[in-house]
Amino acid sequence: MTDELPALLTEARTRITEAETLEQLRALDAELLGKRSRLATAKARLGSLEPEARREAGRGLNEARQEVERELAERRQALEALARGTRLEAERLDLTEIVPRRRRGHLHLVTQARDRLEDVFIGMGFTVADGPEAETDWYNFGALNFPPGHPARNMYDTLYLEVGEPETVLLRTHTSPTQIRVMEAGEPPIYSVMPGRCYRQDTADASHLPNFHQIEGLVVDRGITFGDLAGTLDTFTSAYFGPGITTRLRPSYFPFTEPSAEFDITCTFCKGDGCASCGRTGWLELGGCGMVHPNVFASVGYDPEAWSGFAFGFGIDRMTAQRSGVADLRDLVTNDIRFLEQF
Ligand code: PHE
């Protein structure tokens, strides 16, 4: 019975070394040591031997079994190490590899300008607020002291939405309705800017877009004066456009401010000397402004005796285009990559 053991062991060793996967090794383990293995059946036959021979054969079988177990364990360790290595190799990230990549995009010129404007106002202590683009007639006009049929409504080529009663819901024509929302949402003091998209029924040309951006400013506090408005515009202007660029105010009219003004900035091209860009005046028109009208305070339930304030608003697209030497505003919205990647 023990005569065949050396041959059995040699064969077992060869087959164990030849096993290439843990799967194969598991099957081999069952075949060499399992219930139906040659070692197991030999053990079952021990009972038929004389006691002396049985002890000897039993020892031989045990040693053979231990030897096979050792060989199996050794091979299992080796195969496990190999599998771990393969897995690590597969999961390896080569951080030094240079993959030719597509160029990354960046924010649109107008978005960059809006972000910078926000930054400058945040630096001056303002918060940034947001409002909806689809507005009601009340927010866009009524609360801003444009009664129904008021001629100043004709200043805005309004796009109405087919929602509810005719001409009650519209695309906001300016960011001023957000003033109303900010005042309704809280109590003074208010120091806020409100950037956003506006819409007017306009044919796109080199200097007009039917969809454009404005930034609105609103300050409401005790004892705010026209001097504060002028000072704020000046501070903003030199912070945003650089030293030497200031503002001037010209009388104007808006229903929601009284007095009202339009404000110009020193021409950023000629620094005020007069050039083709500013029509030889030395000034560039920027936006509108004024002291918040008492009727606007009444619309939001603020006491005009207790509070005073100013507001201003200007277009972002035209200003940015001018600064960046963009001659045609339509280039801002045609999505030509050759245009966009220049900024
Ligand atoms: N909303 C005005 C416009 O678009 C600009 C403005 C804002 C004027 C705030 C005064 C105060 O024409």
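Before any of the text, the structure's been laid out above.
Residues numbered from 1 in each chain as written. Predicted model: local features only at pLDDT ≥ 70, side-chain atom pairs only at ≥ 80, totals over all residues. Heavy atoms only, no water.

(A) Region of the structure containing the site of the ligand. Near the ligand lie 15 residues; those nearest to it are His174, Ser176, Arg200, Gln214 and Glu216. A distance of 3.3 Å separates an oxygen atom of the ligand from a polar side-chain atom of Tyr156. For the ligand, an oxygen atom lies 2.9 Å from a polar atom in the side chain of Gln214. Compared with its free state, where it exposes 320 Å², the ligand has 93% of that area covered by protein. In a pocket analysis with a 2 Å cut-off to the grid points, the ligand is assigned to the largest pocket. If you list the elements that add at least two residues to the shell around the ligand, you get strand E6 (211–221), strand E9 (283–292) and strand E10 (308–315). (Near = heavy atom within 4 Å. Polar contact = N/O pair within 3.5 Å; in protein donor to acceptor, adjacent residues only side chain to side chain. Areas by Shrake-Rupley, 256 points an atom, 1.4 Å probe, with all protein chains shown as cover. 1 Å grid on protein atoms, 1.4 Å probe; cavity = no way out; pocket = protein on both sides within 12 Å on 5 of 7 lines; lining within 4 Å. Sits in = over half its atoms within 2 Å of the grid points. Helix = DSSP H or I, 4+ residues; strand = E, 2+ residues; numbered from the N terminus.)

(B) Up close: the pattern of salt bridges. On inspection of all chains with the given rule, the structure shows 19 salt bridges. Here Asp29 makes a salt bridge to Arg76, at a shortest N to O gap of 3.2 Å. Placement of the pair is Asp29 in helix H2 (residues 22–33) and Arg76 in helix H4 (residues 51–91), with a sequence separation of 47 residues. The class for Asp29 is partly exposed, based on a relative accessible area of 24%. Residue Arg76 is classed as partly exposed on the basis of its relative accessible area, which comes to 31%. A salt bridge links Glu262 to Arg250, with the shortest nitrogen-to-oxygen separation between them at 3.9 Å. Taken together, the residues span a long stretch of sequence, with Glu262 in strand E8 (residues 257–266) and Arg250 in strand E7 (residues 247–254) at a distance of 12 residues. Take Arg250: its relative accessible area is 26%, and that puts it in the partly exposed class. Overlapping salt bridges, with partners in common, bring together Arg13, Glu67, Arg70 and Glu71 in one network. (Salt bridge = Lys/Arg side-chain N within 4 Å of Asp/Glu carboxyl O. Buried < 20%, exposed > 50% of the residue type's maximum accessible area, 1.4 Å probe, protein only.)

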